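Residue-level structural notes
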Amino acid sequence: MGKNINIKLVFKIIGFLLILEACFILLALIPSAYFQEGDFFPLLYSGVITLFFGLLLWFSFKRKKQGHLGKKEGYVVVSTAWLIYSVFGALPFLLSGTTSTYTDAFFEAMSGITTTGATILTDIEAAPKGVLFWRSITQWIGGMGIIVLSLVLLPILGIGGISLFIAEIPGPTKEKIHPRIIETAKRLWLIYFLLTAIQAVLMKFGGLNWYDSVCHAFTTMATGGFSTKNDSIAAFAPHIQYIIIMFMIIGGTNFVLTYFMLKGRFSKLYKNEEFRFYILVLAVISVIIFIPLIFLQNMGIEEAFRTATFQVVSITTTTGYITADYMQWNNALWFIIFLLFFTGACAGSTSGGFKMVRQLLLIKNSSLELKRLIHPNAVIPVRFNGKPVSQELIYNVLAFFLFYMIIFAFSSLAMSLFPVVDFKTAIGAAASCLGNIGPGIGMVGPVENFSFLPDAAKWYLSFLMMVGRLEIFTVIILFAPGFWKN
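Quick look at the structure, then. (Residues numbered from 1 in each chain as written. Predicted model: local features only at pLDDT ≥ 70, side-chain atom pairs only at ≥ 80, totals over all residues. Heavy atoms only, no water.)

1. Description of helix H19 (residues 391-416)
Taking 1.5 Å per residue as the helical rise, H19 with its 26 residues ought to reach 38 Å, and the 37 Å between its terminal C-alpha atoms agrees with that figure. Those residues of H19 not exposed but buried are Ile 394, Val 397, Phe 400, Tyr 404, Ile 407, Phe 408, Ser 411, Ser 412, Ala 414 and Met 415. Looking at the buried residues of H19, the elements they touch are helix H17 (331-339), helix H18 (356-374), helix H20 (423-434), helix H21 (455-469) and helix H22 (473-476). (Helix = DSSP H or I, 4+ residues; strand = E, 2+ residues; numbered from the N terminus. Expected span 1.5 Å × (residues − 1). Buried < 20%, exposed > 50% of the residue type's maximum accessible area, 1.4 Å probe, protein only. Contact = heavy atoms within 4.5 Å.)

Next up, the structure:
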């Protein structure tokens, strides 16, 4: 940490990541060529432009002395990667005419890469299918993380990736399933790929075509929420909705736990306090909403159960799919949904948001404070999974909570300054983008979109998405003067 930041190495890695992004953009040429809806050349040009700049950075710094990839470089690469991916990821939307301005294209790309799912598209089904395929891919590569993906390929660079892993993996814990960081990343991505494939196959045999199956598998496992339909998941049959519920829950589970479960070590699941708390929250809130839906919204038992469970799982895991307009429910019910904006699923999952482990540690620490007041001389540590939690980690969680709420409050105030935004919409947009949820409340509710917002609001919310996806500290540390000093 005492050395200058190795900018040359940072540029070299960014070049590599852009080459990777170009490959994903060009992958969208397959459905584009099949459906022939006029987006083939816009996608081709976007891929070539991205590839050109990637190769330019790669070869410009290939022979430079690469040095050491430290923690500072890790933070810079991670934050820059999400920004650069959005800058170039916006090209297919703009060149195809799907969006009329670069601001809208950038907003859509950032929403995809950060797996937020907020959209400015007013008629999704009118967009070319190749572009919508790219839109789904942005969430899939953003879900597990651009950086974790690159860790699989970092040996090509001859660079150790632990600093990138620390900077990108969401949540206060960075569990590994293998002593070598590259092997951990490979296993995580293999699980991610296999689960995506399994969901796509199940949805295909459930009656969807391959295109919709693959697109929704991409955005479900990423807990992203982009759909190819204007009505989102409400356009699909109940059995498809149940499949998506199951995979949203899996997507919100710590992928290390999923790995152990696939290895048959189920004890890891039920012994994990965060996972038990996660399932408890989903079950309790679903029941709380399910019962009133029967009596207040005149739904049948199965429909009420499915609707309540789907929306609770979708919002808690920050996926953001919808099957109902919760803003039309009783005020108490949609307010409960809004409170879920401040949850998030498990650390180490593709979910955004606050994360269950932080909430659990806050609850435990708060309850122990009462005991400490009664017994001031007693040493009563917070325990998680049977082990004492360091005071440093507790301070980190408290600081994160403070920063999160300050940013939310400031952003709500900032959004409310725009004449076209009422206060309900302001807090809904701020909470949705910071928590990477997608739909909000008010004029950005589940059946609305973000297209009416002024450009300045869209740029600010885009920044908020990145701050939320990268867990706040990764981004705001770059604004600390001491970070850039020797």
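2. What about the packing of aromatic side chains?
Tallied over the entire structure, the rule returns 31 aromatic pairs. One aromatic cluster is present, built from ring pairs that chain together Tyr 34, Phe 35, Phe 133, Trp 140, Trp 189, Tyr 192, Tyr 211, Phe 218 and Phe 255. When the ring centre of Trp 58 is taken as reference, the NZ or CZ atom of Lys 12 above it lies at 5.7 Å. The ring centre of Phe 35 lies 5.3 Å from the NZ or CZ of Lys 129, which sits over that ring. (Phe/Tyr/Trp six-rings, centres within 6.5 Å; stacked < 30°, edge-to-face > 60°. Lys NZ or Arg CZ within 6 Å of the ring centre and 35° of its normal.)

3. Quick notes on the pattern of salt bridges
For side chains of opposite charge, pairing can occur when their charged atoms come near one another. In total, this model carries eight salt bridges according to the counting rule given. For Asp 212, the salt bridge is made with Lys 229, and the minimal N-O distance between the two is 3.5 Å. Here Asp 212, found in helix H11 (residues 210-221), pairs with Lys 229, found in the loop between H11 and helix H12 (238-251); they are 17 residues apart in sequence, far enough to count as distant. Notably, a salt bridge pairs Glu 471 with Lys 355, separated by 3.0 Å at the nearest N-O pair. One end of the pair, Glu 471, is in the loop between H21 and H22; the other, Lys 355, is in the loop between H17 and H18, and 116 residues separate them in sequence. According to the relative accessible area criterion, Glu 471 is buried, its value standing at 7%. Look at Lys 355 and you get buried, because its relative accessible area is 0%. Bridged by salt links that share partners, the residues Lys 355, Arg 358 and Glu 471 form one connected network. (Salt bridge = Lys/Arg side-chain N within 4 Å of Asp/Glu carboxyl O.)

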